[in-house]
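Observations on the model geometry
Residues per chain, in single letters:
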Amino acid sequence: MEAFTAHTGRAVPLRRSNVDTDQIIPAHWLKKVTRDGFEDGLFEAWRKDENFVLNRPERAGASVLVAGPDFGTGSSREHAVWALQNYGFKAVISSRFADIFRGNSLKNGLLTVVLDQKVVDRLWELSEADPTAEITVDLEKRQVLAEGVTADFELDENARWRLLNGLDDISLTLQNEADIATYEAARPSHKPRTIDA
Amino acid sequence: MGRTLAEKVWDDHVVRRADGEPDLLFIDLHLLHEVTSPQAFDGLRQAGRPVRRLDLTIATEDHNTPTLDIDKPIADPVSRAQLETLRKNCAEFGVRLHPLGDVEQGVVHVVGPQLGLTQPGTTVVCGDSHTSTHGAFGALAFGIGTSQVEHVLATQTLPLARPRTMAITVEGELPDSVTAKDLILAIIARIGTGGGQGYILEYRGSAIEKLSMEARMTICNMSIEAGARAGMIAPDETTFAYLKGRDHAPEGKDWDAAVEYWKTLRTDDDAVFDAEVVIDGASLAPFVTWGTNPGQGAPLSANVPDPASYEDASERHAAEKALEYMGLTAGQPLREIGVDTVFVGSCTNGRIEDLRNAASVLEGRKVADGVRMLVVPGSVRVALQAVEEGLDKVFTAAGAEWRHAGCSMCLGMNPDQLAPGERSASTSNRNFEGRQGKGGRTHLVSPQVAAATAVLGHLASPADLSDVRTPAGV
């Protein structure tokens, strides 16, 4: 995973709540068997409208998505995270994320930042008034900075440490091989098995 | 202090607990399908890692599979390539696979329970958000992303922070016309699509205890639509009776030991939930959605709501957008909404009891002119059972299409899709924009409402049908 320390970029204000992962990346894109090449599928249906915010020339190259509440609901497809990253987003800000999407994002180095809706409103207003306005997401300080905005955010220390260092979860877990083996040896025999092993 | 059901199952699976770290949880059963696994197998290959526990892993094909002409090569080359990738990966790593054409193939959340692999007190994961279905057995079951799929393949564990617990207590007697689907749609409308966020839900109370396993699976299946990590129901005699004798259910002494353990899996009387919602079951009625998320629902007897009636600005805006997308006007009676397509199937309502319920309404009746009805069994086993009971004949006699098992029109990854602007009554779980096909409009309903809607051509419940059954033999 790519390490995340801090990022500064222009924003895309997405004034919609309940943006489900079917909107982020429609199902027909899920037939791909790679982790890349999803950028054209990002918000595919909405992008057919030339006035959709992502299509506006002033939003080209923006890298911080500022979304409405309940972002990433629905399907567990990690493709939603890959699509946002493939497109160029480094961070997503919302007042509330769906659990699975949040977990997926943090495992891929896409920083999802929870801020109060009042702060999200401020960032929307700022970015709509001035598309060149930059937002800084600083994971070391756990802070979001923009003109007139200084907002602290929370992220559990373990997730933050993994992100800051770009650590691979599987390698970390395998350091506990002895614990896993001990647990396995004590599992009761009535537990289900898919094959005789 | 006592513990909740979720806390008991969680505690029984902690491999390692340390300050400042998420718990490392052991996974008893890992279900795989073709869509969310290819990149995970690639990761294993790149790191040179094997699948740690092949005996706790099983795969099937469901999302991409066609429901017609399954003996012919799959027409869509990209779908075909994805299925072939799963077959290649399972062969290379040694994973048990039930491919298209196999008698155990079907929607992964229908297959696990019917094989008896889903058992009380187990942890079950799958790269699929509707893994919450398996919570109906008192399992702790949740959907994961592809990175976590790789993690479980490699380690049979997951590092996870423990969610909070919420009781959804449903007391009172459900009216005869009210199904599990109506109940869960009403619950989601009540708590919202984010209401369960960060929680494991436990459905309890007298109305839940009376439900069959199929109905319990319908309820737990849609926990994710309320934003919950998982949904659970305490195992009881209904659960044990469903499991007894299934392929992978324990036998002999193991069965006795298992039941003894399973009986301990109840929330203690002195346990405290972090939140509780109480629902009066007797007050419920058939429920349908009018909007573009599963929380935008109302009783069938209601009208399309007026967005202006929402105090919350973001809800108001969402309702406006939803009505625009759905092509509906505020105040329009839900019963007057005409549909083009009716879909019966999915991991929510594609089990044998669901097909029986739909067939009982359709028997002796005809699907309305101009309405297309697809019946897609959740698995090959469900299809075979339905044929044995003659349900397929009921559907085809009524003018419905009897298809092969798979996810089908629930998400339209195969050719079963809505055309732009087309409207469906669907027993599936998501009414998101474009979910069933680009520009398609979805109303979520129960199997009974789906069947009645097919007959009348507009959203309806079986009670609306009293005078239109064609006498047998006519």
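Residues numbered from 1 in each chain as written. Chains lettered and ligands numbered in written order. Predicted model: local features only at pLDDT ≥ 70, side-chain atom pairs only at ≥ 80, totals over all residues. Heavy atoms only, no water.

This is how it is decided: UniProt positions are given in the numbering used here, feature names are shortened, and annotations may be inferred rather than shown by experiment.
In the nomenclature of an unreviewed UniProt entry, chain B is known as 3-isopropylmalate dehydratase large subunit of Streptomyces pratensis. Quoted straight from UniProt, the Pathway (unreviewed entry) entry for chain B says "Amino-acid biosynthesis; L-leucine biosynthesis; L-leucine from 3-methyl-2-oxobutanoate: step 2/4." Looking at the Subunit (unreviewed entry) heading of the UniProt record, one finds this comment for chain B: "Heterodimer of LeuC and LeuD."

An unreviewed UniProt entry lists chain A under the name 3-isopropylmalate dehydratase small subunit, with Streptomyces pratensis given as the organism. Under the UniProt heading Subunit (unreviewed entry), the note attached to chain A is "Heterodimer of LeuC and LeuD."

Observations regarding the overall build of chain A
Definition in use: The helix and strand labels rest on DSSP assignments: H or I over at least four residues marks a helix, E over at least two residues marks a strand, and numbering proceeds from the N terminus. Only protein chains enter the calculation, and the probe is 1.4 Å; a residue is then buried if its accessible area is under 20% of its type maximum, exposed if over 50%, and partly exposed in between. When checking whether two residues touch, look at their non-hydrogen atoms; a contact exists if any pair is within 4.5 Å. Note on areas: these come from Shrake-Rupley sampling with a 1.4 Å probe, and a residue is covered only by the protein chains present in the view.
Check the secondary structure of chain A and you find 8 helices and 7 strands. Residues classed as buried in chain A amount to 58% of the 197 residues present. Across chain A, contacts joining residues at least 24 apart in sequence account for 68% of those joining residues at least 6 apart. Summed over all atoms, the accessible surface of chain A reaches about 8,100 Å², with 47% contributed by carbon and sulfur.

Some details on the overall build of chain B
Condition: When we talk radius of gyration, it's over C-alpha atoms, and the globule rule is simply 2.2 Å times the number of residues to the 0.38.
When helices and strands are tallied, chain B shows 16 helices and 19 strands. Computed over its C-alpha atoms, the radius of gyration of chain B comes to 22 Å, within 12% of the 23 Å expected for a compact globule of 474 residues. With respect to the principal axes defined by its C-alpha atoms, chain B has extents near 60 × 55 × 45 Å. Considering chain B as a whole, with its 474 residues, one finds that 65% of them fall into the buried category.

Topic: the interface of chain B and chain A
A common way to report how large an interface is uses the accessible area buried once the components associate. Defined as follows: Two parts lose some accessible area (1.4 Å probe) when they are put together, and adding that loss for both gives the buried area. The working definition used for a salt bridge is a side-chain nitrogen of Lys or Arg within 4 Å of a carboxyl oxygen of Asp or Glu. Polar contacts here mean pairs of N or O atoms no more than 3.5 Å apart (in protein, one a potential hydrogen donor and the other a potential acceptor; neighbouring residues in sequence count only if both atoms are side-chain atoms). Note on residue classes: Ala, Val, Leu, Ile, Met, Phe, Trp, Tyr, Cys and Pro are nonpolar, Asp, Glu, Lys and Arg are charged, and everything else, Gly too, is polar.
Between chain B and chain A, the contact holds 76 residues from the first and 58 residues from the second. Surface buried jointly by chain B and chain A totals about 5,500 Å² across both partners, of which 52% is contributed by carbon and sulfur atoms. Summed over the three residues of chain B that lose the most area to chain A, namely Gln-39, Arg-52 and Asp-55 of chain B, the buried surface amounts to 11% of that side. Taken together, chain B and chain A are joined by 11 salt bridges. Taken together, chain B and chain A are joined by 38 residue pairs in polar contact (both at pLDDT 80 or more). Its residues assigned to classes, the side of chain B that touches chain A shows 25 nonpolar, 31 polar and 20 charged.

Quick look at the UniProt feature "binding site: [4Fe-4S] cluster" (unreviewed entry) in chain B
Residues and elements named next belong to chain B. As annotated by UniProt and renumbered to match this structure, "binding site: [4Fe-4S] cluster" (unreviewed entry) occupies Cys-347, Cys-407 and Cys-410. For the residues just named, distributed over 64 residues, the greatest C-alpha separation is only 8.8 Å, placing them together at one site. Tracing the sequence through the fold places Cys-407 in the loop between strand S17 (401–402) and strand S18 (423–426). On the accessibility criterion, Cys-407 (7% relative accessible area) is buried. Filtering out sequence-adjacent residues up to four positions away, Cys-407 remains in contact with Asp-62, His-63, Val-107 and Phe-343.

Some remarks on unusual backbone geometry
Look at Arg-142 of chain A: it is not a glycine, yet its phi comes out positive at around 50°. On the secondary structure map, Arg-142 of chain A appears in the loop between strand S5 (134–138) and strand S6 (143–146). Despite not being glycine, Gln-156 of chain B shows a phi value in the positive range, around 60°. What makes Gln-156 of chain B buried here is its relative accessible area of 0%.

With respect to helix H3 (residues 77–93) of chain B
Residues and elements named next belong to chain B. In plain terms, the rule: Between the first and last residue of a helix there are one fewer steps than residues, each counted as 1.5 Å, and that sum is the expected span. It is the directions from the helix axis to the C-beta atoms whose arc is reported.
Over its 17 residues, H3 runs 24 Å from end to end, which matches the ideal 24 Å to within 8%, given 1.5 Å per residue. Along H3, the residues classified as buried are Ser-79, Gln-82, Leu-83, Thr-85, Leu-86, Asn-89, Cys-90 and Phe-93. Take H3 and look down its axis: the buried residues cluster within an arc of 150°, on one side only. Residues of H3 that are exposed and point more than 90 degrees away from the buried face comprise Pro-77 and Ala-91.

Side note on the pattern of salt bridges
Summed over the entire model, instances satisfying the criterion amount to 42 salt bridges over all chains. With a shortest N-O distance of 3.8 Å, Glu-150 of chain B and Arg-35 of chain A are connected by a salt bridge. Linking Glu-150 of chain B in helix H5 (residues 146–155) with Arg-35 of chain A in the loop between helix H1 (21–24) and helix H2 (44–47), this pair reaches from one chain into another. Residues Asp-11 of chain B and Arg-162 of chain B are paired through a salt bridge, measuring 2.9 Å at the closest nitrogen-oxygen approach. On the criterion of sequence distance, the pair formed by Asp-11 of chain B in helix H1 (residues 5–11) and Arg-162 of chain B in the loop between strand S8 (157–160) and strand S9 (164–171) is long-range, its members being 151 residues apart. On the accessibility criterion, Asp-11 of chain B (26% relative accessible area) is partly exposed. Among the charged side chains, a salt-bridge network with shared partners connects Glu-177, Glu-184 and Arg-193 of chain A together with Arg-52, Arg-53 and Asp-55 of chain B.

Quick word on the sheet that holds strand S12 (residues 275–280) of chain B
Residues and elements named next belong to chain B. Applied cut-off: By definition, two strands form a pair when at least two bridges between them are found by DSSP. Note on method: axes are straight lines fitted to C-alpha atoms, helices fitted across the in-contact stretch only, with angles between N-to-C directions ranging 0 to 180 degrees.
A sheet is described by the order of its strands in space; here 4 strands give the open sequence S11-S10-S9-S12, paired in parallel fashion. Looking at strand neighbours, the two that pair on one side only are strand S11 (230–232) and S12, the edges of this open sheet. Averaged over all pairs of adjacent strands, the angle between strand axes in this sheet comes to 20°, irrespective of strand direction. As judged from the 6 bridges shared by S9 and S12, these two strands associate in the parallel manner. Looking at the pairing, Ala-167 lines up with Glu-276 of S12.

A short note on the side chain of Ser-63 of chain A
Residues and elements named next belong to chain A. Mapped onto the elements of the fold, Ser-63 is located in the loop between H2 and strand S2 (64–67). By relative accessible area, which is 7% here, Ser-63 ends up buried. Within polar-contact distance, the side chain of Ser-63 engages the side chain of His-7 at 2.6 Å. If we skip the residues at most four places from it in the chain, Ser-63 touches His-7, Gly-9, Arg-10, Gly-88, Phe-89, Lys-90 and Ala-91.

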